[in-house]
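Chain by chain, the residues run as shown.
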Amino acid sequence: PVSPQLADSEFSPVFRLLTIFAYGTYADYLAEAANLPPLTEAQKNKLRHLSVVTLAAKIKVVALFFLEFPFHWDYLMLVTIMFPQCIPYSVLLEQLQLKNVRQLEDLVIEAVYADVLRGSLDQRNQRLEVDYSIGRDIRREELSTITRTLQEWCQGCEVVLSGIEEQVSRANQHKEQQLALKQQIESEVANLKKTIKVTTAAAAAATSQDPEQHLTELREPAPGTNQRQASKKTSKAKGLRGSAKIWSKSN
């Protein structure tokens, strides 16, 4: 680390330039350029790359969604989605002091190849979508903010963990209920089978027949039934014909 004593020495302009490269942006350099050493084009582009990283870090968007699964009980899961950081071209052109979009896109492509950031250029909507960027140095005054953010994140993790445990408990209860219902149904089916077998055996014993033969006779009609029904139909037909003859003679 650089000693803060350099800030009050003859090397204070260099120390200030170093702090800008560590924490600041290209706009910060331009605001103090008169009191700072000049930069080469490579150094300017490097500071511009770091400025894009700072801009991307300020536009992080996190969304929490509850997804409901298509089960018949309420099963919810908390899902965290990190959206890409979208920086408009207009903001980049102003902050980086570039003349046109071509220069801006060339600078972003250089940053991607240098593995400073990863993303895509949305030329249709005139914006840069950043999926990943390197981290920059942290000021001492930012430590409290980072600590608070981590505490909030831990609290959020505890809430999510509690919700997941509750859903697991509900799922286990539902599983136990379904297993108990399945066993009950299987037991009732087994009892019905036993009852049918006992009833069939008792009826067969009463008629001194084999149980299987008794069941067959219950399903099929007796042999003489069809003949009796046929004779009844024939006698009815003969009676109708005789009455028809009597009616014609009387006429």
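Residues numbered from 1 in each chain as written. Predicted model: local features only at pLDDT ≥ 70, side-chain atom pairs only at ≥ 80, totals over all residues. Heavy atoms only, no water.

Student: So what's going on with the packing of aromatic side chains? Which residues, and what values?
Tutor: What characterises a pair of aromatic rings is the spacing of the ring centres plus the angle enclosed by the ring planes. Overall, the coordinates contain one aromatic pair when judged by the stated rule. Between the NZ or CZ atom of Arg48 and the centre of the ring of Tyr26, over which it lies, the distance is 4.4 Å. (Phe/Tyr/Trp six-rings, centres within 6.5 Å; stacked < 30°, edge-to-face > 60°. Lys NZ or Arg CZ within 6 Å of the ring centre and 35° of its normal.)

Student: Account for the side chain of Thr54, naming residues and giving values.
Tutor: Turning to its location among the elements, Thr54 is positioned in helix α3 (residues 41-57). Judged by its relative accessible area of 15%, Thr54 is buried. A distance of 2.7 Å separates polar atoms of two side chains, one belonging to Thr54 and the other to Arg136. Apart from residues no more than four positions distant in its own chain, Thr54 is found in contact with Gly24, Thr25 and Arg136. (Helix = DSSP H or I, 4+ residues; strand = E, 2+ residues; numbered from the N terminus. Buried < 20%, exposed > 50% of the residue type's maximum accessible area, 1.4 Å probe, protein only. Polar contact = N/O pair within 3.5 Å; in protein donor to acceptor, adjacent residues only side chain to side chain. Contact = heavy atoms within 4.5 Å.)

Student: I'd like a rundown of unusual backbone geometry, residues and numbers included.
Tutor: With the exception of glycine, most residues fall at negative phi, and the peptide bonds are largely trans. Although it is not a glycine, Gln97 adopts a positive phi angle of roughly 55 degrees. On the secondary structure map, Gln97 appears in the loop between α4 (89-96) and α5 (101-113). Owing to a relative accessible area of 49%, Gln97 belongs among the partly exposed residues under this scheme. The backbone phi angle of Gln126 is positive, close to 55 degrees, even though this residue is not glycine. Looking at the element boundaries, Gln126 is found in the loop between β4 (117-122) and β5 (127-133).

Student: Which residues make up α3, and what are the values?
Tutor: Here α3 is 17 residues long and its end C-alpha atoms lie 25 Å apart, about the 24 Å a rise of 1.5 Å per residue gives. Those residues of α3 that fall on the buried side of the exposure criterion are Leu47, Arg48, His49, Leu50, Ser51, Val52, Val53, Thr54, Leu55 and Ala56. (Expected span 1.5 Å × (residues − 1).)

Student: How would you explain the sheet that holds β4 if you had to name every residue and give the values?
Tutor: The strands making up a sheet associate through hydrogen bonds between their backbones, and the pairing can be parallel or antiparallel. Sheet architecture is open: three strands sit in the order β3-β5-β4, paired in antiparallel fashion. Across the chains shown, the open sheet's two edge strands, defined by having one partner strand only, are β3 (85-88) and β4. Recorded for the sheet is a direction-independent mean angle of 25 degrees between the axes of neighbouring strands. Relative to β5, β3 is paired through four bridges, and the arrangement is antiparallel. Bridge assignment links Ile87 to a residue of β5, and that residue is Leu128. Across the face of the sheet, α4 comes into contact with β3, β4 and β5 while running at roughly 65 degrees to β3. Here α5 sits on the sheet and contacts β4 and β5; the angle it forms with β4, its principal contact strand, is near 150 degrees. (Pairing = 2+ DSSP bridges. Axes fitted to C-alpha atoms, helices over the stretch in contact; angles between N-to-C directions.)

Student: So what about the nonpolar core? Which residues, and what values?
Tutor: Residues Val52, Ile87, Leu92, Leu96, Leu104, Leu128 and Val130 are the most contacted members of the largest nonpolar core, which totals 17 residues. Secondary structure elements with two or more residues in this core: α3, α4, α5 and β5. (Core = buried A, V, L, I, M, F, W, Y, C linked by side-chain atoms within 4.5 Å.)

Student: Quick rundown of the confidence of the model for the protein chain? Include the residues and the values.
Tutor: Within the protein chain, residue pLDDT values average 78, and 70% of them lie at 70 or more. Confidence drops under a pLDDT of 50 for residues 61-81, and excluding neighbours within four residues, the segment shows 38 contacts in the predicted structure. The low-confidence segment residues 243-251, where pLDDT is below 50, has zero contacts with residues more than four positions distant or belonging to other chains. (pLDDT = per-residue confidence, 0-100.)

Student: So what about the packing of α4 against α5? Which residues, and what values?
Tutor: Axis separation between α4 and α5 bottoms out at 10 Å; the angle between their running directions is 85 degrees. In terms of orientation, α4 lies roughly perpendicular with respect to α5. Each of Tyr89, Leu92, Leu93 and Leu96 in α4 lies in contact with α5, whose residues at this interface are Val101, Leu104, Glu105 and Leu107. Class assignment for the residues of the contact of α4 with α5 results in seven nonpolar, no polar and one charged. (Parallel < 35°, antiparallel > 145°, perpendicular 65-115°, else oblique. Nonpolar A, V, L, I, M, F, W, Y, C, P; charged D, E, K, R; others polar.)

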